[in-house]
Amino acid sequence: MAKEKIILTGDRPTGRLHIGHYVGSLRRRVELQNSGLYDKTFIFIADAQALTDNMDNPEKVRQNVIEVALDYLACGLDPTKSTIFIQSQIPELCELSFYYMDLVTVSRLQRNPTVKTEIQMRNFETSIPVGFFTYPISQAADITAFKATTVPVGEDQEPMIEQAREIVRRFNHIYGETLVEPEILLPDNAACLRLPGTDGKAKMSKSLGNCIYLSDSADEVTKKIKSMYTDPNHIRVEDPGQIEGNTVFTYLDAFCRPEHFDRYWNDYANLAELKAHYQRGGLGDMKVKKFLTAIMQEELEPIRTRRKEFEQDIPAIYDMLKKGCEVAREQAAQTLDEVRRAMKINYFDDAELIAEQARKFKAE
Ligand code: TRP
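Remember, predicted model here, so these are calculated numbers, not experimental data.

Definitions and limits used
- Residues numbered from 1 in each chain as written.
- Predicted model: local features only at pLDDT ≥ 70, side-chain atom pairs only at ≥ 80, totals over all residues.
- Heavy atoms only, no water.
- 1 Å grid on protein atoms, 1.4 Å probe; cavity = no way out; pocket = protein on both sides within 12 Å on 5 of 7 lines; lining within 4 Å.
- Points joined across faces, edges and corners; volume = space filled by probe spheres on them.
- Helix = DSSP H or I, 4+ residues; strand = E, 2+ residues; numbered from the N terminus.
- Nonpolar A, V, L, I, M, F, W, Y, C, P; charged D, E, K, R; others polar.
- Near = heavy atom within 4 Å.
- Polar contact = N/O pair within 3.5 Å; in protein donor to acceptor, adjacent residues only side chain to side chain.
- Areas by Shrake-Rupley, 256 points an atom, 1.4 Å probe, with all protein chains shown as cover.
- Sits in = over half its atoms within 2 Å of the grid points.
- Axes fitted to C-alpha atoms, helices over the stretch in contact; angles between N-to-C directions.
- Parallel < 35°, antiparallel > 145°, perpendicular 65-115°, else oblique.
- Left-handed = near helix turned anticlockwise from the far one by under 90°.
- Contact = heavy atoms within 4.5 Å.
- Buried < 20%, exposed > 50% of the residue type's maximum accessible area, 1.4 Å probe, protein only.
- Phe/Tyr/Trp six-rings, centres within 6.5 Å; stacked < 30°, edge-to-face > 60°.
- Disulfide = S-S within 2.5 Å.
- Pairing = 2+ DSSP bridges.
- Domains from an automatic or database assignment.
- Salt bridge = Lys/Arg side-chain N within 4 Å of Asp/Glu carboxyl O.

(A) Inspection of the layout of surface pockets at higher detail. Considering only enclosed or pocket space, the largest pocket measures out at about 1,400 Å³ in volume. In terms of lining residues, the largest pocket is bounded by 47 residues, among which Arg-12, His-21, Asp-156, Gln-157 and Lys-203 are the most central. Within the residue set of the lining of the largest pocket, elements represented by two or more residues are strand 1 (6-11), helix 1 (19-35), helix 6 (113-121), helix 8 (135-144) and helix 10 (190-193). A per-class count over the lining of the largest pocket returns 15 nonpolar, 18 polar and 14 charged. In this structure, the second largest pocket spans a volume of roughly 260 Å³. Around the second largest pocket sit 15 residues that line it, and Ala-48, Leu-93, Cys-94, Ser-97 and Ser-138 are the ones nearest its centre. Those elements that place two or more of their residues in the lining of the second largest pocket are helix 2 (47-51), helix 4 (92-100) and helix 8.

(B) Here's a closer look at the site of the ligand. Of all residues adjacent to the ligand, which total 13 residues, the nearest are Phe-44, Gln-49, Gln-139, Asp-142 and Gln-157. Within the side chain of Gln-157, a nitrogen or oxygen atom sits 3.0 Å from a nitrogen atom of the ligand. Starting from 370 Å² of accessible surface for the ligand in isolation, the protein chains cover 90%. In a pocket analysis with a 2 Å cut-off to the grid points, the ligand is assigned to the largest pocket. When contributions to the shell around the ligand are tallied by element, the ones reaching two or more residues are strand 1 and helix 8. When grouped by side-chain class, the residues that make up the shell around the ligand number six nonpolar, five polar and two charged.

(C) The arrangement of the packing of helix 4 against helix 8 in detail. Two elements in contact, helix 4 and helix 8, have axes whose closest approach is 8 Å; the angle formed by their N-to-C orientations is 125°. With respect to helix 8, the axis of helix 4 lies oblique. The way helix 4 lies across helix 8 gives a crossing that is right-handed. In contact with Leu-93, Leu-96, Ser-97 and Tyr-100 of helix 4, helix 8 contributes Ile-137, Ser-138, Ala-140, Ala-141, Asp-142 and Thr-144. For the contact of helix 4 with helix 8, the class distribution of residues is six nonpolar, three polar and one charged.

(D) Molecular detail of the environment of Ile-66. Relative to the helices and strands, Ile-66 is located in helix 3 (residues 58-75). A relative accessible area of 10% means that Ile-66 is categorised as buried. Counting along the chain gives 20 residues from Ile-66 to Ile-86, while the straight-line C-alpha distance between them is 10 Å. Every residue in contact with Ile-66, bar those within four places of it in the chain, is listed here: Ile-314, Ile-317 and Tyr-318.

(E) Region of the structure containing the packing of aromatic side chains. Across all of its chains, the model carries 14 aromatic pairs by this definition. With a centroid separation of 5.3 Å and 20° between ring planes, the pair formed by Phe-44 and Phe-85 is classed as stacked. Of this pair, Phe-44 sits in strand 2 (residues 40-45) while Phe-85 sits in strand 3 (residues 83-86); the two residues are 41 residues apart in sequence, bridging distant segments of the chain. No difference in accessibility class separates Phe-44 from Phe-85, as the two residues are buried. Taking the centre distance of 5.0 Å and the plane angle of 80° together, the rings of Trp-265 and Tyr-268 count as edge-to-face. Judged by relative accessible area, which is 12%, Trp-265 ranks as buried. The buried category is assigned to Tyr-268, whose relative accessible area is 11%.

(F) Fine view of unusual backbone geometry. Positive phi is not limited to glycine here, since Lys-147 has a value of about 55°. On the secondary structure map, Lys-147 appears in the loop between helix 8 and strand 4 (150-152). Residue classification places Lys-147 among the buried positions, given a relative accessible area of 17%. The backbone of Lys-344 shows a phi angle near 60°, a positive value even though the residue is not glycine. Mapped onto the secondary structure, Lys-344 falls in the loop between helix 16 (314-342) and helix 17 (351-363). Given the relative accessible area of 63%, Lys-344 is considered exposed.

(G) Up close: the state of the cysteines. By the definition in use, this model includes zero disulfides. With no disulfide of its own, Cys-75 lies 14 Å from the sulfur of Cys-192, the closest cysteine sulfur. Take Cys-75: its relative accessible area is 9%, and that puts it in the buried class. Free cysteine Cys-325: the closest other cysteine sulfur is in Cys-94, separated by 13 Å. Residue Cys-325 is classed as buried on the basis of its relative accessible area of 9%.

(H) Geometry of the pairing of strand 3. The side-chain alternation of strand 3 yields two buried faces, one formed by Thr-83 and Phe-85 and the other by Ile-84 and Ile-86. Here strand 2 runs beside strand 3; their pairing, made up of four bridges, is parallel. Within strand 3, the residue paired with Phe-44 across the bridge is Phe-85.

(I) Quick peek at the domain arrangement of the chain. Domain annotation for the chain reports domain 1 (6-194 + 313-355) and domain 2 (218-309). For domain 1 and domain 2, the distance between their C-alpha centroids amounts to 35 Å. If you look at the interface, domain 1 gives 16 residues, while domain 2 gives 12 residues. Where domain 1 touches domain 2, the interface holds three salt bridges. Along the contact surface separating domain 1 from domain 2 lie six residue pairs in polar contact (both at pLDDT 80 or more). If you list the elements that add at least two residues to the side of domain 1 that touches domain 2, you get helix 1, helix 3 and helix 10.

Next comes the structure, spelled out in structure tokens:
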């Protein structure tokens, strides 16, 4: 049988999801889920990973599990097509991480760029919790327990996938071909790789207050776009404007499609024409922001409406998650059987091994 094509990805439940998550990964996941090109899709809420740096705030993690689940469903992730589950409910992931810890050195973890920057950002230095320090290992377990071939994530996750691939290669080299090496799937549009915050800062982040959330009301979205960072030197309408680093145009790169001009602004045929006019001068920020607002509302409105519907039946969401956990656990358990066999720690299910040892001791 040809190798199955399996998608896996997840998010930390530390807040509601925003449009950076959406263009960076969520939108793509829904397309992949519906493409029919994959045999299985696993999407999970990484609550155990969220606890590695929120260990003192379990309530926050718990509240956000349901927020993220609602955002998933609102975006079109469909539990009849994708297995949606919660990381902590799959104990096999802990077991797998424990074995992987033998295959990774402290210096390799210290060199992981994501861990490195997060340590700096959080002022952790050596007071870093071991669980946080080793989360790339646990993330490798998340991916490989489901034999994922394709991991759609943002650019920031690249070092994690690379580390997972190394672990797979080392495991297979020592214990024999068992695990599947995953591949990262990055957004194909540069603006989507890392959508800036509404203030123009490099990244959308809750702590900077520069996010547009999928669950924001239409009014909130309009307000946030109105106050969005543009070109600070573009003061009068007739001034030439800069596109580079201009958040409104970065968002247009991420969201605008040719048909939007037919619908909302037929003065231009496409984004290139609009940009050229802005650069030439004679085009005010407010007009461009209005156009962006129309596009964003069109994209976000159905998500908002679906979210509201799903919010009406929270117990059903938990039910869906529970079923997802059961399916996910079955898959992980199967991989763990293979892992234990490869590592020669499957003492009780290998009659041949026992018989062989019995013969050996008799012969002595
Ligand atoms: N680290 C990811 C994030 O911060 C979440 C995550 C955990 C993940 N395990 C994963 C993503 C496995 C992809 C595959 O968003």
